Amino acid sequence: MKTVRVLIVDDHRLFRSGVRAELGPSIQVIGEAEDVETAVASIAELQPDVVLLDVHMPGGGGQEVLRRVLGAGSQVRFLALSVSDAAEDVIGVIRGGARGYVTKTISGAELTDAIVRVSDGDAVFSPRLAGFVLDAFASTEAPPIDPELDSLTQREREVLRLIARGYAYKEIAKELFISVKTVETHVSSVLRKLQLSNRHELSRWATARRLV
């Protein structure tokens, strides 16, 4: 059986441990990294077959890792693994050079299969995300700039999408591996930046921009 050497890049230690425990015997986890700097250094040192890459991390996120590693001529293959299923996140990392993108709802067996396929040169996507990629590369038009959306951090966008989907604060905290207090802080920041009053207005705002 072929063994694929994998580096896990994610800013949540608990999540990295969970991924390790779920991967099948064909995967050898050779290291972990928690931010852009440690990811770039670990990839250069360990030369994994596949990097399992979170999209949103301190230091610039997955796109910055892709830019620095692939820009230096590395042949390492990347599979994005994120809580976000937003079109701009998917398209951004694929344009950056990732070979696939799957969400964190994926099972251990499915993730193992996705890693093996990426190591073999295939492109792998969670089913509903493939359409985003096809649409993006079929279109030559740049997406319109939305100053309000651009004012939000990546984490604030993630919280906003989950609020719009009806998640309670405790559910958001569990989904994003953060505290309830941190969720409340992000919601307050989003309300202030968008000049909205409550979560119902946030939901309408997000729905109108097809962020849900």
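Note that the structure is a prediction, hence the values are computed from the model and not measured. (Residues numbered from 1 in each chain as written. Predicted model: local features only at pLDDT ≥ 70, side-chain atom pairs only at ≥ 80, totals over all residues. Heavy atoms only, no water.)

### Focus on the overall build of the protein chain
Convention followed: We count a stretch as a helix when DSSP gives it H or I for four or more residues in a row; a strand needs E for two or more, and each element gets its number in order from the N terminus. Restricting the calculation to C-alpha atoms gives the radius of gyration, and the globule rule supplies 2.2 Å times the number of residues raised to the power 0.38. Each residue is assigned to one of three classes by its accessible area relative to the maximum for its type, calculated with a 1.4 Å probe on protein chains only: buried under 20%, partly exposed between the two thresholds, exposed over 50%.
When helices and strands are tallied, the protein chain shows 11 helices and six strands. The globule rule puts the C-alpha radius of gyration for 212 residues at 17 Å, and the 17 Å found for the protein chain is close to it. In terms of overall dimensions, the protein chain has C-alpha extents of about 55 × 40 × 30 Å along its principal axes. With 212 residues in all, the protein chain has 47% of them scored as buried.

### What about the sheet that holds strand β5 (residues 100-103)?
Hydrogen bonds along the backbone pair up the strands of a sheet, which may run parallel or antiparallel. In plain terms, the rule: The criterion for strand pairing is that DSSP finds at least two bridges linking the strands in question. Contacts are assigned to residue pairs that have any heavy atoms within 4.5 Å of one another. Orientation is described by axes fitted as lines to C-alpha atoms, over the contacting stretch for helices, and by angles from 0 to 180 degrees between their N-to-C directions.
Taking strand neighbours across the sheet as the criterion, the six strands line up as β2-β1-β3-β4-β5-β6 in an open arrangement whose pairing is parallel. One side of each edge strand has no neighbouring strand; the edge strands of this open sheet are β2 (27-33) and β6 (124-125). Note: strand β3 (residues 50-53) against strand β4 (residues 77-82), four bridges, orientation parallel. In the sheet register, L52 faces β4, and the bridge partner there is L79. Contacting β1 (4-9), β2, β3 and β4, helix α1 (residues 13-22) runs over the sheet at an angle of about 170° to β2. Sheet strands touched by helix α4 (residues 87-96): β4, β5 and β6. Its angle to β5, the strand with the most contacts, is close to 150°.

### Here we look at the UniProt feature "modified residue: 4-aspartylphosphate" (unreviewed entry) in the protein chain
Quick reminder of the rule: UniProt positions are given in the numbering used here, feature names are shortened, and annotations may be inferred rather than shown by experiment.
Within this structure's numbering, the places UniProt gives as "modified residue: 4-aspartylphosphate" (unreviewed entry) are D54. Of the residues examined, D54 reaches a relative accessible area of 5% and is grouped as buried. In contact with D54, other than residues within four places in its own chain, are V9, D10, D11, G62, L81, S82 and K104.

### With respect to the pattern of salt bridges
Quick note on the threshold: Salt bridge criterion: a side-chain nitrogen from Lys or Arg within 4 Å of a carboxyl oxygen from Asp or Glu.
Tallied over the full model, the rule gives nine salt bridges. Of the charged contacts in the structure, one is a salt bridge between E32 and R16, with a shortest N-O distance of 2.8 Å. Here R16 lies in helix α1 and E32 lies in strand β2, a separation of 16 residues in the sequence. According to the relative accessible area criterion, E32 is partly exposed, its value standing at 28%.

### Some remarks on the nonpolar core
The nonpolar side chains of a soluble globular protein tend to be buried, and buried together. To keep things clear, this is the line we draw: Throughout, nonpolar core names a set of buried Ala, Val, Leu, Ile, Met, Phe, Trp, Tyr and Cys residues whose side chains join them through atoms within 4.5 Å.
V9, I43, L53, V65, F78, V93 and Y101 are the most contacted members of the largest nonpolar core, which totals 23 residues. Elements that contribute at least two residues to this core include exactly β1, α2 (36-46), β3, α3 (61-71), β4 and α4. Examining the composition of this core, we find that four residues originate from one element, α2, more than from any other. Excluding residues that lie within four positions of it along the chain, I43 makes contacts with L7, P48, V51, V65, V69, V76 and F78. Ranked by size, the runner-up nonpolar core spans 22 residues in total, among them L152, I178, V183 and L196.

### Regarding the pairing of β2
Note the following rule: A clockwise path from the first strand over the helix to the second, with the strands pointing away from the viewer, defines a right-handed crossover.
With six bridges joining them, β1 and β2 adopt parallel strand pairing. In the strand pairing of β2, R5 is matched with Q28. The parallel pair β1 and β2 is bridged by α1, and the resulting crossover is right-handed.

### Things to note about the layout of surface pockets
Stated formally: Computed over the protein atoms alone on a 1 Å grid, cavities are sets of points where a 1.4 Å probe fits but cannot get out and pockets are open sets with protein on both sides within 12 Å along at least five of seven lines; a residue lines them when it has an atom within 4 Å of a point. Grid points are joined across faces, edges and corners, and a volume is the space filled by probe spheres set on the points. For this scheme, ten residues count as nonpolar: Ala, Val, Leu, Ile, Met, Phe, Trp, Tyr, Cys and Pro. Four count as charged, namely Asp, Glu, Lys and Arg, and the remainder, Gly too, count as polar. Boundary definitions for the domains trace back to an automatic or database domain assignment.
Of the voids in this model, the second largest pocket is the one considered here, and its volume is about 210 Å³. Lining the second largest pocket are 15 residues, with F15, V19, K104, I106 and F177 positioned closest to its centre. Of all the secondary-structure elements, those providing two or more residues to the lining of the second largest pocket are α1, α5 (108-119) and α9 (169-176). When residues in the lining of the second largest pocket are grouped by element, the largest group, five residues, is from α1. Considered class by class, the residues forming the lining of the second largest pocket number eight nonpolar, three polar and four charged. If you count residues domain by domain, the lining of the second largest pocket takes at least three from each of domain 1 (1-121) and domain 2 (123-212).

### Overview of the side chain of H56
Under the convention used in this document: We define a polar contact as two N or O atoms separated by no more than 3.5 Å, with the added condition that, inside protein, one atom must be a possible hydrogen donor and the other a possible acceptor, whereas residues neighbouring each other in sequence contribute only through side-chain atom pairs.
Locating H56 in the fold gives a position in the loop between β3 and α3. For H56, a relative accessible area of 10% puts it in the buried group. At 3.4 Å, the side chain of H56 forms a polar contact with the side chain of Q154. Polar side-chain contacts of H56 include one of 3.4 Å to the side chain of E158. Excluding anything up to four places from it in sequence, H56 contacts D11, S84, D89, Q154 and E158.

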